[in-house]
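The lines below spell out each chain.
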Amino acid sequence: MANSCRFCGKDLKLIFVDLGISPLANSYLKADELEVMEPYYPLKVYVCNACYLVQLPVFESPENIFGDYAYFSSFSESWLRHAKAYTELMIERFGLDSNSQIIEIASNDGYLLQYFKKREIPVLGIEPAKNVAKTAQETGIPTLIEFFGTQMARELAAEGKRADLLIGNNVLAHVPGLNDFVEGMKIILKPHGVITMEFPHLMRLMDENQFDTIYHEHFSYFSFIIVEKVFTKHGLAIFDVEELPTHGGSLRIYARHREDGSKPFGERVFELRQREEAAGFTNLEQYLSFGEKVIETKRKILDFLIKAKKEGKSIAGYGAPAKGNTLLNYCGIRTDFIDYTVDRSPHKQGYYLPGTHIPIYHPDKIKETKPDYLFILPWNLKDEIMEQMAHIREWGGQFVVPIPEPRVYS
Ligand SMILES: [Zn+2]
């Protein structure tokens, strides 16, 4: 079966990295599901040799992947702080008020829109995952439970719903029909409206070896250069860009209609484009060197774990993020190395990690069992976690952060 590039349509032939086969990273299991067959899918990422879009072919329908999503954004404090700061920045920069319309695609449980609502700015969320969307509706955030694309955009535009600020955070990577999605955004953007989107930056993923952020929900991995190509094709211009520390290094792009001359291009756009060119992002060699680096990291992680177990140490995990499931499944780490993991989200406690079947408990479990090592799976939140869990030092516990390569923090 030939796969074709979701942006330019050319056949995909070159492998960026092959992470073997894995279950869907958000398919947490109940106890009675442990004895039944789990679906596994290839986690083989390609790079298009025509446009350089790094991408994972779609192996399962988005309805099955996103229908009942376990990630509730409101359970991460640092993420809430990030959302609130963003809201204030946008209100000030673009002069948003009660006459403006904010639309957010993939609005999750309303964690971000709540801050605009508090400032009495009209909001509309669009979120296909029923369970999180319902939570948003219950807290008074108007939310449409649907997948976004040109069809939905035309319906909204026909009802007169168009955005002064159109937000899409951590959604661009999740979109199988990339062209249809970006075209849809153009349709619901007012003539002088602004789109902002945040997504993990491929340059950081590669520089810092964040291979575990690759999972079936993430179909595309963007450099600034490629995202600019995609927007340009659909008549949108990216006039500013920021580099953020979130999710291990993200970009926040600002886009407008090509013909909207009221917002000139900022210096940061030229600067980042140049930096990516200098780093080799317009050259295939850059992409083809990544796979070997990932294999080497797997060996180092296993090396650390094997040594620790031979010394009789106990290891517990911290967190149950999707990225942890890629890492654990790719490396083959089960309860033979990690006794259990803990997570603050009650939607994950009592469940088991997909594939590896590591049980997930409430963080209090750590105090009961006093592990020698706490293996931090959401490494992007390592500072916050090490602060929260500082008490493990009372019994000589140490933290382990696996990415970019395994490192122990006493
Ligand atoms: Zn392509």
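The structure we're discussing is the one just above.
Definitions and cut-offs
- Residues numbered from 1 in each chain as written.
- Predicted model: local features only at pLDDT ≥ 70, side-chain atom pairs only at ≥ 80, totals over all residues.
- Heavy atoms only, no water.
- Helix = DSSP H or I, 4+ residues; strand = E, 2+ residues; numbered from the N terminus.
- Expected span 1.5 Å × (residues − 1).
- Buried < 20%, exposed > 50% of the residue type's maximum accessible area, 1.4 Å probe, protein only.
- Arc of directions from axis to C-beta.
- Contact = heavy atoms within 4.5 Å.
- 1 Å grid on protein atoms, 1.4 Å probe; cavity = no way out; pocket = protein on both sides within 12 Å on 5 of 7 lines; lining within 4 Å.
- Points joined across faces, edges and corners; volume = space filled by probe spheres on them.
- Nonpolar A, V, L, I, M, F, W, Y, C, P; charged D, E, K, R; others polar.
- Core = buried A, V, L, I, M, F, W, Y, C linked by side-chain atoms within 4.5 Å.
- Phe/Tyr/Trp six-rings, centres within 6.5 Å; stacked < 30°, edge-to-face > 60°.
- Lys NZ or Arg CZ within 6 Å of the ring centre and 35° of its normal.
- Pairing = 2+ DSSP bridges.

(A) Local environment of helix α2 (residues 77-94). Taking 1.5 Å of rise per residue, 18 residues should cover 26 Å, and α2 covers 26 Å from first to last C-alpha, within 8% of that figure. Listed as buried for α2 are Trp79, Leu80, His82, Ala83, Tyr86, Thr87, Met90 and Ile91. For α2, the angular spread of the buried residues around the axis is 165°, confining them to a single face. Summarising the geometry of α2, the exposed residues directed more than 90 degrees from the buried face are Arg81 and Glu92. Close packing links the buried residues of α2 with α3 (113-118), β7 (163-169), β8 (189-200), β10 (236-244) and β11 (250-257). Remark: Gly95 follows α2 within two positions and exhibits a positive phi of approximately 60°.

(B) How the structure looks around empty space enclosed by the protein. The full count for this structure, using the stated rule, is two cavities of 30 Å³ or more. Empty space within the largest cavity amounts to approximately 50 Å³. Lining the largest cavity are Ala173, Pro200, Leu202, Leu205, His218, Ser220, Tyr221 and Phe222. Breaking the lining of the largest cavity down by element, the ones donating at least two residues are α7 (202-207) and β9 (220-221). Residue classes in the lining of the largest cavity are distributed as six nonpolar, two polar and no charged.

(C) Local environment of the nonpolar core. Ranked by internal contacts, the top residues of the largest apolar core, which has 103 residues, are Phe16, Leu172, Met185, Met197, Phe231 and Ile333. The leading source of residues in this core is helix α11 (residues 290-310), at seven residues. Setting aside chain neighbours within four positions, we find Met197 in contact with Gly168, Asn169, Val171, Leu172, Phe181, Met185, Phe231, Leu251, Arg252 and Ile253. Listed in part, the 22 residues of the second largest apolar core include Met90, Leu96, Ile121 and Val123.

(D) Structural view of the packing of aromatic side chains. For the coordinates displayed, the defined rule picks out twelve aromatic pairs. Between Tyr86 and Phe116, the ring centres sit 6.4 Å apart and the planes meet at 85°, which makes this aromatic pair edge-to-face. With Tyr86 in helix α2 and Phe116 in helix α3, the pair connects residues that are 30 residues apart, well separated along the chain. The class of Tyr86 is buried, set by a relative accessible area of 1%. A network of ring pairs unites the aromatic residues Tyr52, Phe281 and Tyr287 as a single cluster. The ring of Phe265 has Arg256 lying over it, and the distance from NZ or CZ to the ring centre is 5.0 Å.

(E) Molecular detail of the environment of Lys313. Mapped onto the fold, Lys313 is located in the loop between α11 and β12 (315-318). Along the backbone, Lys313 and Ser98 are 215 residues apart, and their C-alpha atoms lie at a distance of 58 Å. Excluding residues that lie within four positions of it along the chain, Lys313 makes contacts with Ala308, Asp372 and Tyr373.

(F) Quick look at the pairing of strand β2 (residues 41-47). Burial analysis of β2 places five of its seven residues in the buried class, the great majority of the element. Here strand β1 (residues 14-22) runs beside β2; their pairing, made up of six bridges, is antiparallel. Bridge pairing links Ile21 to Pro42 in β2. Looking at chain direction, β2 and strand β3 (residues 54-55) are connected through two bridges and run antiparallel. Looking at the pairing, Val47 lines up with Val54 of β3. Joining the antiparallel neighbours β2 and β3 is a turn of six residues, in which Tyr52 adopts a positive phi near 70°.

So yeah, pure geometry; function would need other evidence.
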